[in-house]
Amino acid sequence: MEAGAPVHPPVPMAMYPLLATVLLTVGIVAAALFFLYQVTTTRYSRKIAFEGLLGLSASVALGLGTLFLLLWLAAPLFGSVP
Amino acid sequence: MSRLCTVLVLAACLVASAAAADFVVENASRRINLKNTWAKAIDTLKAKNTGDSDLSNFVVCYPESIASRIAVLKVLIKKEKQEVAPLQQAPQGAPAGVSCYQATFKSAVKKGATVDLDVVATVTGVFKPNPAKIAQGEKQYVEYYDNLYLLSPYEVTEQSSTVLLPTSDVRSFSPQDGGSKSGSKVSYAALGKQGPWAVQQLKVHFHHDKPFKRVNSLVREIEVSHWGNIYVEETYEIQNAGSQHTGKFSRLTYAHSPDGKTNSFPDVKAHLPAAAHSLYYKDIIGNISSSDTTHTSRETLIEVRLRYPLMGGWKTDFTLGYSVPLEGFLYRRPKGKLRLLMDLSTSFDDVWVEQLTTRVVLPEGAKHIKATLPFADIQQSWDKKFTYLDTAGRPVLVLSKSNVVPEQNKPFAVDYSFTFTGMMREPLLLISVFAAFFAAVALYNRLDFTITRDEKWQEGQAHDKALGLIQSLTEYWDREADVLDRLVRLAHSISNRPSADAAPASRQALEAELRPLDEQSKALLSQVEALSPKLAAAARNHGDKSKMLLGRAAKLLSDKSDLIKKDVAAHEASAKLAGATRQLEEAIREWVDEGAKLAQG
C-alpha cells in the first residue's frame, strides 16, 4: 500500500517532561500573581485589562501544562493517552 | 466422522455421469502437510481443457468438515494468485457434504491446452484428539480425516496423495491398501484413474508433538494520537486445543521431566515492531511479571509466559499492550488526508485466532474514514470511544474476521482526514476550563453580598474608592519621581562651561513637564477629598513633599553649575557635592516608597 511522507508529532515527545514542568510552574506563578492582584486591590482600583491578561496567561500556561503532563504520564501509568 | 464416512460412501454410489465436460485433471499430486497445528493441503494439478471453447473457470471442492474450517484458499498459476470465490451451490451431481469454490483465471485456458495450477488450503481445527482425554505425561494422538482422492467435479486421470506428519509415530492409517508409511510420511503413490466426485475417506491417527495454541478471541485495539503515539492493546483468550488433560496436575512432574509437559505450553512469543516501547502485560488480577523482552534493531521479541502452563483444554486470558511512535505507521496522503498502516492480526507465533476483532480508534474529529483491507471477508462496523478530554467521542472502526492464521497477518490501511485545528481542540478545552475558573474568581470578587449596608459599610466603600483614586495618583507621583531623577542626573552630567550654561534651560523644560501633572493631580485630589478627608490630607502632604524635593534638586543643579563656572574640575565638583547628591537620592527613594505605602492604604 502506498504511503506518503511520515507524520511527525507537533512537539517532540522527548520534550514532554520539560514542557510539562516549565508550563505548570509558569502557570502556577501566574495564578498566584492573579490571586495576589485580586486580594491586594479593591473593586474600584482593579483594572480589567491587567486582570484579563494575568488570568489568560495563567490559564494558557496551566492548560498546556496539564496537557503535556497528561501526555507524559498517562501512558506509563494507565497504558493509553490523549 | 463416521457420519461423514457414511454420507460420502452413499454419495459415491450416486455418482452422476454428468461430469463437467470441460476440464480433465491429468495429474493431481496432493500433499497434505500436518506438521503444524493446522493443516495445509497443497494440490498440484495439471488440467487439460477438453471442452469446446476457451475456459477460465475451475472448480475446486472440499468435504464440508474441511471447507468450513478453511482459513486461506489460494489458487496459483506460476505463483500468481487467481481469483477464488465460494460457490453457493455445489455443481450438478456433487454428493452431499461437499463445498466448492470457483477459481477465475486471469488468462483463459485455450481449447485443448493444459494448465498447471496449485491449490493451497490452510485449514484450522481439523485435528480430532483421540484419546480425547489424557493424563499428565501421556502423548497426544490426533486423527485427521480427509478425502483420499481429489474431490473434484472433473475426471482425474492420475493422482497421488501424500500426508506429511510431524512425527513418525503413526497408530493407524486407512485405507491400508495403496498406502505406505516411511518415517513421518504416509503416501498413496498411484491411486489410478477416478471419475468425478470420487470419495474415499482418508484417516490418519498419529502422534502430534506440538501444542495446539488456539486464541479463542482476540480484541486488538489501535488508538492513534496525533501527539506522537499509537497505542496498541491486545486482549487474548488463549486455550490449549489439544487432547484434554484429565486427572491430577503435578507441578513437580511438570518441572522435572519432559514427559510432564507433553502437549502443554507455558508461553507464547510475539514479534513486535522494533520501535515498540512501554510494553505491559497484565490480566484482570494485575500485572504479570513473567515475561522477557529482547530489543533488536529489527524487532522487539517478547516471550510472554502465561500465569500457569496450559495443559490440554485449559485456557487463560491476558492483555498485552505497547506503544509505537507515529513514524513508520502514519503517513500523509494527498488532499490533506492521513493513512494509518498497521497489521491486522496478532504477532504471536504459532497461534490461530478463532475470532479476531480489530478496533481502530481515531482522534476525535477525524472525518471521511475509509479502510483498505487485505481480505474481502472482513466485516466493518462503527463504534464510539470516550476517553481523555473527549466531548463527542472518538470514532472507532471495528473490523471482524474469524479463523485467522499467522500468514494472514497482513497490513491494512485506514485513510482519514484530521486537521490541525481538530488537534488543538484538546488544549483549548483545558485552557477554557482554567479561564472559566479565573473568570469566576474575578467575577466573585466584584460581587457584594453584604446584608446590611450600614454606615460602617458606607465608610468602607468610600475608603476603598479613595484608595482607588490614590492609586491613579501614584502614576503622577511616579512621573514626578522620574523628573526628579532626571534633574539629579542632569546635575551630575554638567562637566564644562557650555553644559553649565545650558543647564537652566533644561531645568525649565523639566519643570514645565511637571505643570500639567500638577493640574491633573489637583483634580484627583479634590475627588479624594469628597470621599475621605483623611486620605486626602495624607495625599496632599505627600504631594507637597515632592515640591520640597524639587527645590533641593534645583539647588543641587545650580550649585554644580556655579562650581563649574568657577573653573573647578568636574570630578572635584562632583566629589564636593557627592554627599548632597546621595542624600537627595535617598530622599527621593523614601518619598517613592511612602507613596506606594499610601496607595496600599
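Keep in mind that what you see is a predicted model, and the values were worked out from it rather than measured.

Q: An account of a nonpolar patch on the surface is needed here, citing residue identities and associated values.
A: Residues and elements named next belong to chain A. Where nonpolar side chains cluster on the molecular surface, the patch consists of V29, L33, L36 and V39 and spans about 380 Å² of accessible area. Relative to the helices and strands, L36 resides in helix α1 (residues 16-40). By relative accessible area, which is 47% here, L36 ends up partly exposed.

Q: Please set out the packing of helix α5 (residues 455-493) of chain B against helix α8 (residues 570-600) of chain B residue by residue, giving values where relevant.
A: A packed helix pair is summarised by two numbers, namely the angle formed by the two axes and the spacing between the axes. Residues and elements named next belong to chain B. At their nearest, the axes of α5 and α8 sit 9 Å apart, and the two run at 170° to each other. As the angle between them shows, α5 and α8 are arranged roughly antiparallel. Here α5 contributes L467, I470, Q471, T474, W477, E480, A481, L484, D485 and V488 to the contact with α8, which in turn contributes T581, L584, E585, I588, R589, W591, V592, G595, L598, A599 and Q600. Across the contact of α5 with α8, the residue classes tally to 12 nonpolar, 5 polar and 4 charged.

Q: Give a description of α1 of chain A that names residues and reports values.
A: Across its 25 residues, α1 of chain A extends 36 Å between first and last C-alpha, which sits within 8% of the 36 Å expected from 1.5 Å per residue. When we look at burial in α1 of chain A, the residues that qualify are Y16, A20, L23, G27, A30, A31, F34, Y37 and Q38 of chain A.

Q: Give a detailed account of helix α4 (residues 420-446) of chain B, specifying residues and quantitative values.
A: Residue and element names in this part refer to chain B. With 27 residues, α4 extends 38 Å between its outermost C-alpha atoms, agreeing within 8% with the 39 Å of an ideal straight helix rising 1.5 Å per residue. The largest bend in α4 amounts to roughly 35° and is located at E426, with the proline P427 lying one to four residues further along. Here α4 has its buried residues at G422, M423, E426, P427, L430, I431, F438, V441 and A442.

Q: Outline the interface of chain B and chain A, listing residues and values.
A: Contacts between chain B and chain A engage 44 residues on the former and 44 residues on the latter. A buried area of about 4000 Å², summed over both sides, lies between chain B and chain A, and 65% of it is on carbon and sulfur atoms. Applying the counting criterion to the chain B and chain A interface returns 2 salt bridges. A salt bridge links E51 of chain A to R446 of chain B; the shortest N-O distance between them is 2.8 Å. Those elements that place two or more of their residues in the side of chain B that touches chain A are β16 (213-225), β17 (229-240), β24 (330-332), β25 (337-343), β30 (411-417), α4 and α5 of chain B.

Q: Outline unusual backbone geometry, listing residues and values.
A: Residues other than glycine predominantly adopt negative phi, and peptide bonds predominantly adopt the trans conformation. Residues and elements named next belong to chain B. A cis amide bond links N130 to the next residue, P131, at an omega of 15°. Within the secondary structure, P131 is located in the loop between β8 (127-129) and β9 (133-134). Cis rather than trans, the peptide bond between S174 and P175 has omega equal to 5°. For P175, the position within the fold is in the loop between β12 (170-174) and β13 (179-182).

Q: Mind laying out the UniProt feature "transmembrane region" (unreviewed entry) in chain B, listing which residues take part and the relevant values?
A: Feature annotation in UniProt assigns "transmembrane region" (unreviewed entry) to the following positions: residues 428-447 of chain B. For the annotated span residues 428-447 of chain B, helix accounts for 95% and strand for 0% of the residues, and the straight-line distance between the end C-alpha atoms is 28 Å.

Q: Outline empty space enclosed by the protein, supporting the account with residue identities and numerical values.
A: Residues and elements named next belong to chain B. In the structure shown here, the tally under the stated rule is 3 cavities of 30 Å³ or more. Approximately 60 Å³ is the volume attributed to the second largest cavity. The wall of the second largest cavity is formed by D43, L45, F58, V59, V60, C61, Y62, V119, L150, L151 and S152. Counting only elements with at least two residues in the lining of the second largest cavity, the list comes to β2 (39-49) and β3 (55-63). With 5 residues, the single largest contributor to the lining of the second largest cavity is β3.

Q: Explain the nonpolar core to me, using residue names and the numbers behind them.
A: Residue and element names in this part refer to chain B. Of all hydrophobic cores here, the largest spans 62 residues; its most connected members are F23, L34, F58, Y62, F105, Y144 and F206. In this structure, F58 is in contact with F23, V25, L45, A47, Y101, Q102, A103, F105, L117 and Y154, ignoring residues within four places of it in sequence. Membership of the second largest hydrophobic core comes to 60 residues, among which are Y322, I369, I378 and F418.

Analysis parameters
- Residues numbered from 1 in each chain as written.
- Chains lettered and ligands numbered in written order.
- Predicted model: local features only at pLDDT ≥ 70, side-chain atom pairs only at ≥ 80, totals over all residues.
- Heavy atoms only, no water.
- Patch = residues over 30% accessible without salt bridge, like charges linked within 9 Å, V, L, I, M, F, W, Y side chains within 5 Å.
- Areas by Shrake-Rupley, 256 points an atom, 1.4 Å probe, with all protein chains shown as cover.
- Salt bridge = Lys/Arg side-chain N within 4 Å of Asp/Glu carboxyl O.
- Helix = DSSP H or I, 4+ residues; strand = E, 2+ residues; numbered from the N terminus.
- Buried < 20%, exposed > 50% of the residue type's maximum accessible area, 1.4 Å probe, protein only.
- Axes fitted to C-alpha atoms, helices over the stretch in contact; angles between N-to-C directions.
- Parallel < 35°, antiparallel > 145°, perpendicular 65-115°, else oblique.
- Contact = heavy atoms within 4.5 Å.
- Nonpolar A, V, L, I, M, F, W, Y, C, P; charged D, E, K, R; others polar.
- Expected span 1.5 Å × (residues − 1).
- Bend = angle between axes of the 7 residues up to and from the residue.
- Buried area = accessible area lost by both parts, 1.4 Å probe.
- UniProt positions renumbered as here; feature names shortened; annotations may be inferred.
- 1 Å grid on protein atoms, 1.4 Å probe; cavity = no way out; pocket = protein on both sides within 12 Å on 5 of 7 lines; lining within 4 Å.
- Points joined across faces, edges and corners; volume = space filled by probe spheres on them.
- Core = buried A, V, L, I, M, F, W, Y, C linked by side-chain atoms within 4.5 Å.

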